[in-house]
Amino acid sequence: MPLTDCSIPAVAPNARVVAPYAHTLWDAARAQGLDDALLMATLGRAAIGDDDVSVAAYLDLLQAARAQGGPLFGWRLGQCVKPTSYGVNGILLLACPTLGDALQQVLRFESLVHDLGRSSFTRHADRVVYAWRNDCAAHPMAGVLAESVFSGIQTCAQWLIGKPLIDFDLEFTHVTDAATSARIAQWSGARVRWGAAENRAIFPASVLAWPIPQANKALLPLLQQHAEALLQARYPQDVGIVAQVRQSISGRLGSGSVKLAGVASDLHLSTRTLQRRLADVGVAYQTLLDSSRHELARHYLSNSAMPVAEVAYLLGFQDTPAFHHAFKGWQGQGPGQYRVSVCQKV
């Protein structure tokens, strides 16, 4: 279900950018000649360090760097990213076997990197559309930000697959001058259109099957569990066997079976022992599975433009109608209605 007029919400006061992603901007700003005093005055601290940066401070720094670096600064900024610029999510990408798998992880864990906007992904026959909703669309740097995001995605994808990613369509909602447009088209190898309805890239679906040569597939489940644990950190934490079961469920959602036997195997317990230990604390396995799915569903629907069908897949449902039915039972309204109601409260 498409988002309504509220699909570009106001930036929340607690919106943030993780330190590795902000550090890329900091370094690029210094490379443009911004001195440390101006950087400190703009950011409000002497260095990025290990702490998150507020979205407001990030945009202030981007504006100062753009003023110094000129109209191509946004695209150049994206060219500076590495997988590690995306924090935990970037490390997770390094373990994915294909570019399509990496794209799924971007959708699933984008909120661990920043609150600048949200990605969505749709497939139409032999074409794939990767769209990015700019949650800072009202800011003067909205266009520069969108350029940096798509340049960063291309740069990171090329780093992962070890070859150029060219011959695709790139569309931006803002407009720019002819010289800047020509240079971005040259650097990206894309057919670029300005003043479009969405910020998006359109490319052949065959690209999704391109392998990531250095992928460490053995690490993927562990990294997914770690990312899921960070994602669930925004919710009250359980302790003991309940926390272990929730972590196992989170790691399995969207990637395989979430049956009791599989979770018991993850915890090196027999199915009967796991059932007994859960009974001892008065919790049923199905209750934990439902609550984990419910929490993650609300997170994806509230903080991303991900299609409902994609949310259903990531939560391990066999089809979208099954997810609709389950979510309505949990929330009292369907996922599309919930997403619209959340937007209207922003």
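Reference entry: report on the structure contained in this document. (Residues numbered from 1 in each chain as written. Predicted model: local features only at pLDDT ≥ 70, side-chain atom pairs only at ≥ 80, totals over all residues. Heavy atoms only, no water.)

Judged by nonpolar contacts, the single largest core of 105 residues is most densely connected at Tyr-58 and Val-245. Ranked by the residues each element gives to this core, the list is headed by helix α7 (residues 142–161), at 9 residues. Each residue touching Val-245, except ones within four places of it in the same chain, is listed here: Val-263, Leu-267, Leu-274, Leu-278, Tyr-285 and Leu-288. (Core = buried A, V, L, I, M, F, W, Y, C linked by side-chain atoms within 4.5 Å. Buried < 20%, exposed > 50% of the residue type's maximum accessible area, 1.4 Å probe, protein only. Helix = DSSP H or I, 4+ residues; strand = E, 2+ residues; numbered from the N terminus. Contact = heavy atoms within 4.5 Å.)

The next subject is the packing of helix α10 (residues 240–252) against helix α13 (residues 285–303). Between α10 and α13, the least distance of the axes is 10 Å, while the angle of their chain directions is 55°. Taken together, the axes of α10 and α13 are oblique relative to one another. Taken as a pair, α10 and α13 cross one another with a handedness that is right-handed. Across the interface between the two elements, Val-242, Val-245, Arg-246 and Ile-249 of α10 pack against Tyr-285, Leu-288, Leu-289, Ser-291, Ser-292 and Glu-295 of α13. Split by residue class, the contact of α10 with α13 holds 6 nonpolar, 2 polar and 2 charged. (Axes fitted to C-alpha atoms, helices over the stretch in contact; angles between N-to-C directions. Parallel < 35°, antiparallel > 145°, perpendicular 65-115°, else oblique. Left-handed = near helix turned anticlockwise from the far one by under 90°. Nonpolar A, V, L, I, M, F, W, Y, C, P; charged D, E, K, R; others polar.)

Right, let's talk about the pairing of strand β6 (residues 191–194) for a bit. Across 4 bridges, the pairing between strand β5 (residues 169–172) and β6 is parallel. Looking across to β6, one finds that Leu-170 is bridged to Val-192. (Pairing = 2+ DSSP bridges.)

Another aspect to go through is the environment of Ser-265. The topology assignment puts Ser-265 in helix α11 (residues 260–266). Placed 50 residues apart in sequence, Ser-265 and Leu-315 show a C-alpha to C-alpha distance of 20 Å.

At Asp-167, a position not held by glycine, the phi torsion is positive, near 60°. Along the chain, Asp-167 turns up in the loop between α7 and β5. For His-268, which is not glycine, the phi torsion reads 60° and is therefore positive. Looking at the secondary structure, you find His-268 in the loop between α11 and α12 (271–280). Overall, His-268 belongs to the exposed group, its relative accessible area being 72%.

Our focus in this paragraph is the side chain of Ser-248. With respect to the secondary-structure elements, Ser-248 resides in helix α10. Separated by 2.6 Å, the side chains of Ser-248 and Asp-266 make a polar contact. Once residues lying within four places of it in the same chain are set aside, the contact partners of Ser-248 are Val-263 and Asp-266. (Polar contact = N/O pair within 3.5 Å; in protein donor to acceptor, adjacent residues only side chain to side chain.)

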